[in-house]
Amino acid sequence: MDTTGSAANGGLHLTPFRGLRYVPERVGSLAAVTSPPYDVVVRPDGVHHLQSADPHNIVRLILPQAATKEARHRQAADTLHAWLSDGILAPDAEPALYVYEQRKGDILQRGLIGALELTTPAEGVVLPHEDVIPHVVEDRASLMRTTAANLDPLLLTYRGNGTATGATAVIERTVQRAPLLSTTTEDGMSHRLWSVTDPAALAEVADDLRRHQALIADGHHRWATYLRLREEHPTPGPWGYGLVLLIDTARYPLQVRAIHRLLNHLPVADALTALDDTFRVRAVDGPLPAALDALATAASEGNAFVLAGDGRFHLIDRPSPELLARTIPADRPEAWRTLDATVLQATLLDHIWRVPDTPAGITYIHDAQAAVAQAERRGGTAVLMHPVREDIVRELARQGVTMPRKSTSFGPKPATGLVLRSLDVD
């Protein structure tokens, strides 16, 4: 891998790599072997669905199923090696950056997939905006260490000038050519991928990106994993880079959605009783879209959440100012102190409901309908959230302030399985 133009010299350093891709003739369809990111797959139903879609679905690598962590990750490594030996996956002939396009209705997202030189948050090149859960980082590190592969790209954003120059110009010239692959997944999203190997185009991208910093939109745990594994391996070398998808949101704005909470062992009735007049509580009419509309209206005026799981929807808003002053840390910017995710974590989960932030206590679910359905099935409480604006996320990240974990969901997220990065090949 070319290591000139180090991130130490400023800005983003996105380098070509030899992508591992499915050999179309060896799988049923490209759509059938892809998956959403590992933390979006609803387990166990989603894992079983993807495994049955095709025997070579990428979920067998990103979410292997076995009795222990060690066995799971060894199984993933063995599966990856078998697929390479059998010609199910194969490395491209030469290093490339990859232009990736997603399209569905009015949604059009284009960006570059490459191996990004790793930097710490203190260097100010790649900005995290959320805290991470240590046991998730350890699990991802074990998987990545055992497979010696980046199995899915993180989603990073930067802000260009909104015109077709630099990296964006390369992208928009490239999409005029025939793609390496094209497929449509079952959610109706179309995916296309091109390779960029021309030295002049790669230089044009490099010159542009070195002027920018990036925000981690999705993949904080995997970025923390990259940094941990870099410490274990000598640099320079392939472990000093990580697989990312880089999007210019001035040109291709992302959608920002909320990540909802499922409180597995707290029934809705108990959650409401514990509030004890500290929040205003109102029943709102369903179905779910109507309840989310009511949440959006309330959230425009202050902190608000919808609780569900008992067959009804309960809007809670207007928290007691005295309660917030007593439970929210005062040593953070006001934009952080007034976040719904902050109020949920510090005031509701820690102080009122006393729900531990553990896998047994809280499940994080991206889809509101799935959160409600699982709450009803388990007798728990779904806490439905309203999304945060991207400009707030980016400004807090620039101040070095991290949001409570799982505060945002940027999208559309890249499909997993279209291109992988082997650290052995790289």
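The rules we used
- Counting from 1, residues in each chain are numbered in the order their sequence is written.
- Reporting in this predicted model follows two pLDDT cut-offs: at least 70 for local features of residues, and 80 or more for side-chain atom pairs to be given and counted; totals over whole chains, interfaces and linings ignore these cut-offs and use all residues.
- Each side-chain value is worked out from all heavy atoms of the structure, with water and hydrogens disregarded.
- The cut-offs for exposure are 20% and 50% of the maximum accessible area for each residue type, with area from a 1.4 Å probe on protein chains only; residues under the lower value are buried, those over the upper are exposed, and the others partly exposed.
- Where helices and strands are cited, they refer to DSSP runs of H or I of at least four residues and of E of at least two residues respectively, numbered from the N terminus.
- Any two residues having at least one pair of non-hydrogen atoms within 4.5 Å are treated as being in contact.
- Any pair of nitrogen or oxygen atoms within 3.5 Å is treated as a polar contact; in protein, a donor-acceptor pairing is required on top of that, and neighbouring residues in sequence qualify only through side-chain atoms on both sides.
- Interaxial angles span 0 to 180 degrees and are taken between N-to-C directions of axes, which are lines fitted to C-alpha atoms, for helices over the stretch in contact.
- Should an angle lie under 35 degrees it is considered roughly parallel, over 145 roughly antiparallel, and from 65 to 115 roughly perpendicular; all remaining angles are considered oblique.
- By definition, turning the near helix anticlockwise from the far helix through less than a right angle yields a left-handed crossing, and turning it clockwise yields a right-handed one.
- Two strands are said to pair when DSSP picks up at least two bridges between them.
- Only rings of Phe, Tyr and Trp enter the pairing, Trp through its six-membered ring, and a pair is recorded when the two centres are within 6.5 Å. The plane angle decides the type: under 30 degrees is stacked, over 60 is edge-to-face, the rest tilted.
- Any Lys NZ or Arg CZ that is within 6 Å of a ring centre and within 35 degrees of that ring's normal is treated as a charge sitting over the ring.
- Grouping buried Ala, Val, Leu, Ile, Met, Phe, Trp, Tyr and Cys residues that are joined through side-chain atoms within 4.5 Å yields what is termed a nonpolar core.
- When a carboxyl oxygen of Asp or Glu lies within 4 Å of a side-chain nitrogen of Lys or Arg, that pair is called a salt bridge.

Engineer: Could you clarify how one ought to interpret helix α14 (residues 368–378) in this entry?
Structural biologist: Helical geometry: 3.6 residues make up each α-helical turn, so side chains three or four residues apart lie on a common side. Looking only at α14, the buried set comprises Ala368, Ala370, Ala371, Val372, Gln374 and Ala375. Against β14 (260–263), α10 (288–299), β16 (304–308), β17 (313–317), β18 (362–365) and β19 (381–384) lie the buried residues of α14. Near the N-terminus of α14, the side chain that reaches the backbone nitrogen of Gln369, with its oxygen 3.2 Å away, is that of Asp367. Downstream of α14 by a residue or two, Gly379 has a phi angle that is positive, lying close to 75 degrees.

Engineer: When you look at the packing of helix α5 (residues 134–147) against helix α8 (residues 220–232) in this model, what are you seeing that I'm missing?
Structural biologist: In helix packing, the relevant descriptors are the interaxial angle and the interaxial distance, both defined with respect to the helix axes. Packing of α5 against α8 brings their axes to within 9 Å, and their N-to-C directions diverge by 60 degrees. On the basis of their axis angle, the class for α5 and α8 is oblique. The two elements α5 and α8 meet at a crossing, and its hand is right-handed. Contacts from Val136, Val137, Glu138, Arg140, Ala141, Met144 and Arg145 in α5 reach His221, Ala224, Thr225, Tyr226, Arg228, Leu229 and Glu232 in α8.

Engineer: How should I be thinking about the sheet that holds β14 in this particular structure?
Structural biologist: Where strands meet in a sheet, backbone hydrogen bonds hold them as pairs that are either parallel or antiparallel. Overall, antiparallel pairing links the six strands, which are arranged β15-β17-β16-β19-β14-β18 in an open sheet. Edge positions in the open sheet fall to β15 (280–284) and β18, since each of these has one partner strand only. Adjacent strand axes in the sheet meet at a mean angle of 25 degrees, parallel and antiparallel pairs treated alike. Relative to β17, β15 runs antiparallel, the two sharing five bridges. Residue pairing for β17: Ala283 is matched across the bridge by His314.

Engineer: Looking at this structure, I do not really get the packing of aromatic side chains. What am I missing?
Structural biologist: The way to describe two aromatic rings as a pair is by their centre distance and the angle between their planes. This model, assessed by the stated rule, comprises three aromatic pairs. The interplanar angle of 65 degrees and the centroid separation of 6.1 Å between the aromatic rings of Trp223 and Tyr226 together place this pair among those described as edge-to-face. Taken together, the residues span about one helical turn, with Trp223 and Tyr226 both in helix α8 at a distance of three residues. Grouping residues by exposure puts Trp223 and Tyr226 together as buried. Here the guanidinium or amino end of Arg140 rests over the ring plane of Tyr38, the centre of that ring lying 4.0 Å away. Against the face of Trp336 rests Arg332, its NZ or CZ located 4.5 Å from the ring centre.

Engineer: Would you mind going over the nonpolar core with me for this structure?
Structural biologist: One recurring pattern in soluble globular proteins: nonpolar side chains tend to sit buried together. Residues Trp223 and Trp353 are the most contacted members of the largest nonpolar core, which totals 117 residues. When residues in this core are grouped by element, the largest group, seven residues, is from helix α13 (residues 340–352). Excluding anything up to four places from it in sequence, Trp223 contacts Leu116, Glu117, Leu118, Thr119, Val126, Leu154, Ile216 and Val244. Counting 20 residues, the second-largest nonpolar core is a separate cluster that includes Val306, Phe313, Ala371 and Val372.

Engineer: Is there a simple way to explain the pattern of salt bridges in this structure?
Structural biologist: Oppositely charged side chains can form a pair if their charged atoms are brought close together. Following the criterion strictly, the structure yields 22 salt bridges and no others. Among the ionic pairs, Lys69 bridges to Glu138, the shortest N-O distance being 3.8 Å. With a gap of 69 residues between them, Lys69 in helix α4 (residues 69–85) and Glu138 in helix α5 connect regions that are remote in the sequence. A residue is classified by how much of its surface remains accessible, and Lys69, at 26% relative accessible area, is partly exposed. With its nearest N and O atoms 2.8 Å apart, the salt bridge here joins Asp207 to Arg210. Accessibility expressed as a relative area gives 47% for Arg210, which makes it partly exposed. Linked by salt bridges that have partners in common, Glu101, Arg103, Arg110 and Arg192 make up one network.

Engineer: What am I meant to see in the side chain of Ser409 here?
Structural biologist: Within the secondary structure, Ser409 sits in strand β20 (residues 409–411). Taking the relative accessible area as the measure of exposure, Ser409 reaches 6% and is therefore buried. Side-chain polar atoms of Ser409 contact the side chain of Lys413, separated by 3.1 Å. Beyond its immediate stretch of four places on either side in the chain, Ser409 contacts Gln255, Val256, Arg257, Ala258, Ile259 and His366.

Engineer: Honestly, unusual backbone geometry in this entry has me stumped. Any pointers?
Structural biologist: The phi torsion of most residues other than glycine is negative, and most of the peptide bonds are trans. Geometrically, the link from Gly286 to Pro287 is a cis peptide bond, its omega value of 0 degrees lying close to zero. Tracing the chain through its elements places Pro287 in the loop between β15 and α10. With an omega of 5 degrees, the peptide bond running from Gly411 to Pro412 counts as cis. Its location among the elements puts Pro412 in the loop between β20 and β21 (421–422). A positive phi angle, near 70 degrees, is found at Asp277, a position not held by glycine. Of note, Asp277 is situated in the loop between α9 (268–275) and β15. A relative accessible area of 74% means that Asp277 is categorised as exposed. Of note in this structure, Arg354 is not a glycine but carries a positive phi near 55 degrees. Mapped onto the secondary structure, Arg354 falls in the loop between α13 and β18.

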